[in-house]
Amino acid sequence: MITLYLEPSALFKAYIPEKGSENIEYVLSNLGIRFVGLTSRWTILEIIRGFVKRKNLGELTIDELNEIIAFFLDDIDRLATARKLKIVEVTKSIIDKAIDLVASENLYAAYAIHVRTAELHKAKAILTDDIHVKRLSKVTPLRIINIELPEKKFLEIIKTLT
Amino acid sequence: MYYNGGSMKVVSVRLDEKLLKEALKRIDEGEFNNLSELIREALRTFLSRDRYSWRDRAELRKYLRGRKFTKSGELIKSIREEDEL
């Protein structure tokens, strides 16, 4: 099975209707069949912060926020328990390897943690959104796939991964 | 019901042949590693049925459809930049 790193900006789209939602849903629905999902424990915190920010922006009510966070955590737990999604802890070795990226590439810590986690756990590709494609492509030899590509194009690219 | 020595408990469940055949087909197709995993997943889904206003991710997105949302990538980017970490 092919290991795909789910960067927060891609995974977030599974829980909000927007461009790329169908592509990430395709990947999540095929975890354990064609793909193994991989992400950092940090992703969970970033996405929850994202939901809170949506509430602050008036996009969600407080009740919706609480319900969505509980659902999101349940969903992630379900995928992890079924061994479809591997959640990698932010360990000393990942931090050590992320330090040079932060220092040499002037990257924010979160980017460095995601890139190094994907590399260390031998992901075939990192799924992200179009805002982050360029930034990540500069700092890792891993393939970076834009989750916002048209569905047909996205599937073609995913199928080329072996 | 008895303990298997770990945190899981072992229970016996009677299944009719048709249901079992369908379950085994899903396992053969690689969707689940074994029958225990499939039954746990089915039970979890059943028990969470009324916990939320939606049953799954697709229903959640449908529930939220029609509203204007900030692009997820923009939000993630702004969170990282605000934290200056």
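What you see is a predicted model; the values in this text were computed from it and never measured. (Residues numbered from 1 in each chain as written. Chains lettered and ligands numbered in written order. Predicted model: local features only at pLDDT ≥ 70, side-chain atom pairs only at ≥ 80, totals over all residues.)

The next thing to look at is the packing of helix 3 (residues 41–56) of chain A against helix 4 (residues 72–83) of chain B. Following both chains from N to C, one finds helix 3 of chain A and helix 4 of chain B inclined at 105°, their axes separated by 10 Å at the closest point. The pairing of helix 3 of chain A with helix 4 of chain B is recorded here as roughly perpendicular in orientation. On helix 4 of chain B, the residues that touch A:Glu46, A:Arg49, A:Gly50 and A:Lys53 of helix 3 of chain A are B:Ser72, B:Leu75, B:Ile76 and B:Ile79. When its residues are assigned to classes, the contact of helix 3 of chain A with helix 4 of chain B shows three nonpolar, two polar and three charged. (Axes fitted to C-alpha atoms, helices over the stretch in contact; angles between N-to-C directions. Helix = DSSP H or I, 4+ residues; strand = E, 2+ residues; numbered from the N terminus. Parallel < 35°, antiparallel > 145°, perpendicular 65-115°, else oblique. Contact = placed C-beta atoms within 7 Å. Nonpolar A, V, L, I, M, F, W, Y, C, P; charged D, E, K, R; others polar.)

Residues and elements named next belong to chain A. On the basis of which strands lie adjacent, the open sheet formed by five strands has the order 3-2-1-4-5 and parallel pairing. If you trace the sheet from one side to the other, it starts and ends with strand 3 (85–88) and strand 5 (143–146), each paired once. In this sheet, adjacent strand axes meet at a mean angle of 30° when their direction is disregarded. Sheet analysis places strand 2 (residues 35–40) next to strand 3, joined by four bridges and oriented parallel. From the neighbouring strand, Leu-38 faces strand 3, where its bridge partner is Lys-86. Its contacts with the sheet place helix 6 (residues 109–120) against strand 1 (2–6), strand 2, strand 3 and strand 4 (125–128), and it is angled at close to 140° to strand 2. (Pairing = 2+ DSSP bridges.)

All names here are of chain A. Mapped onto the secondary structure, Leu-73 falls in helix 4 (residues 62–81). For Leu-73, a count of 13 C-beta atoms within 10 Å corresponds to the partly exposed category. In this structure the C-alpha to C-alpha distance between Leu-73 and Thr-128, which are 55 residues apart in sequence, comes to 20 Å. (Buried ≥ 20, exposed ≤ 12 C-beta atoms within 10 Å, placed from the backbone.)

Glancing now at helix 4 of chain A. Spanning 20 residues, helix 4 of chain A covers 28 Å between terminal C-alpha atoms, matching the ideal 28 Å at 1.5 Å per step. Among the residues making up helix 4 of chain A, those that are buried are A:Ile68, A:Phe71 and A:Phe72. Summarising the axial view, the buried residues of helix 4 of chain A lie within an arc of 105°, below the 170-degree limit, and thus occupy one face. Turned more than 90 degrees away from the buried face of helix 4 of chain A sit A:Ile62 and A:Asp63, all of them exposed. Contact partners of the buried residues in helix 4 of chain A: helix 3 of chain A together with helix 3 (57–64) of chain B. Phi turns positive, to about 60°, at A:Arg83, one or two residues after helix 4 of chain A. (Expected span 1.5 Å × (residues − 1). Arc of directions from axis to C-beta.)

Counting through the fold element by element, B:Phe69 comes out in the loop between helix 3 and helix 4. Taking the C-beta count within 10 Å as the criterion, B:Phe69 has 16 such neighbours and is therefore assigned partly exposed. The contacts of B:Phe69, once residues within four sequence positions are left out, are A:Ile16, A:Glu18, A:Arg54 and A:Glu59.

Right, let's get into the interface of chain A and chain B. Each side of the interface is counted separately: chain A has 33 residues, and chain B has 28 residues. Going through the elements one at a time, helix 1 (8–11), helix 2 (21–29), helix 3, helix 4, helix 6 and helix 7 (130–137) of chain A are the ones with two or more residues in the side of chain A that touches chain B. Residue classes in the side of chain A that touches chain B are distributed as 14 nonpolar, five polar and 14 charged.

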